[in-house]
Amino acid sequence: MSQAREENSHCLKICVHGAKGLMKQDIFGLSDPYLVVYQEVFERDQDIADIETTNIIGKTDTQKKTLNPTWNEKIETEVDQDNEVIIFDVFDENRITRDDFLGRVAIPLSNLGNEDISEKSFELGKKCDDTNVSGNLILSFAFVSKLEREISRQKCWLIDTVHRYRLENQIQILTNEACVDITEIHMEFNDEE
């Protein structure tokens, strides 16, 4: 990775909370919505509608028979804030025919700045002119430093190891406020290597 790209590289945590007011696509009932998340390279002079979506970074579960799905699913990815866009496509799952497109939200990461965004509503847009869409997607974004991400990974590993090897009495290291801070555990792990 070039130095300029590395300086603009961040860890982005995305929470897909849900959607409200989706378009009804099924004739005999409500929609069965799910969401696919893409991370694509974006040139500043490029029209977002022309971006081909190929790099899937996440997909939610399908919520049955609703126009107001709740997913609360989290995605974490390394991003180049100056040159990438995150695209959220909502679909209605169909068993027999092709899944119906319900709407899109495309967010150039340069528009986010370094500010965290908590449960913001984004209006769903069309992918092409002959598509009818309605509704909003509720998303949160948080940028995380590489150290915070590494500490989080090691904390998850430690918790998983404690549970896997049934070391429940050791879990107090993480849960008791009077115990060692996780940053000290992080430093101890690095000292042992």
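Reading the values: the criteria
Residues numbered from 1 in each chain as written. Predicted model: local features only at pLDDT ≥ 70, side-chain atom pairs only at ≥ 80, totals over all residues. Heavy atoms only, no water. Helix = DSSP H or I, 4+ residues; strand = E, 2+ residues; numbered from the N terminus. Buried < 20%, exposed > 50% of the residue type's maximum accessible area, 1.4 Å probe, protein only. Contact = heavy atoms within 4.5 Å. Areas by Shrake-Rupley, 256 points an atom, 1.4 Å probe, with all protein chains shown as cover. pLDDT = per-residue confidence, 0-100. Expected span 1.5 Å × (residues − 1). Salt bridge = Lys/Arg side-chain N within 4 Å of Asp/Glu carboxyl O.

## A short note on the overall build of the chain
Within the chain, the regular secondary structure consists of four helices and eight strands. Across the chain, helices and strands are ordered from the amino to the carboxyl terminus as α-β-β-β-β-β-β-β-β-α-α-α. For the chain, the residues scored as buried account for 39% of the 193 residues in total. The long-range fraction of contacts in the chain, counting pairs at least 24 apart against all pairs at least 6 apart in sequence, stands at 67%. When the accessible area of the chain is evaluated, it comes to approximately 12000 Å², of which 46% is carbon and sulfur surface.

## Quick notes on the confidence of the model for the chain
Per-residue pLDDT for the chain averages 80, and the proportion of residues at 70 or more is 81%. When pLDDT is averaged over each element of the chain, strand β2 (residues 33-41) comes out on top at 96 and helix α1 (residues 3-7) at the bottom at 45. The low-confidence segment residues 1-6, where pLDDT is below 50, has five contacts with residues more than four positions distant or belonging to other chains. Low pLDDT (under 50) marks residues 185-193, which in the prediction has 12 contacts with non-local residues, meaning those over four places away or in another chain.

## Digging into helix α2 (residues 146-164)
Here α2 contains 19 residues, and its C-alpha end-to-end distance of 27 Å stays within 8% of the 27 Å for a straight helix at 1.5 Å per residue. Residues of α2 that are buried include every one of R149, I151, Q154, L158, T161 and V162, and no others.

## Concerning the pattern of salt bridges
Counting across every chain of the model gives two salt bridges. Here D89 ties to R104 by a salt bridge, and the two come within 2.6 Å at their closest N and O atoms. A residue pair is termed long-range when its members are at least 10 positions apart, and D89 in strand β5 (residues 84-92) and R104 in strand β6 (residues 100-108) qualify at 15 residues. The class of D89 is buried, set by a relative accessible area of 1%.

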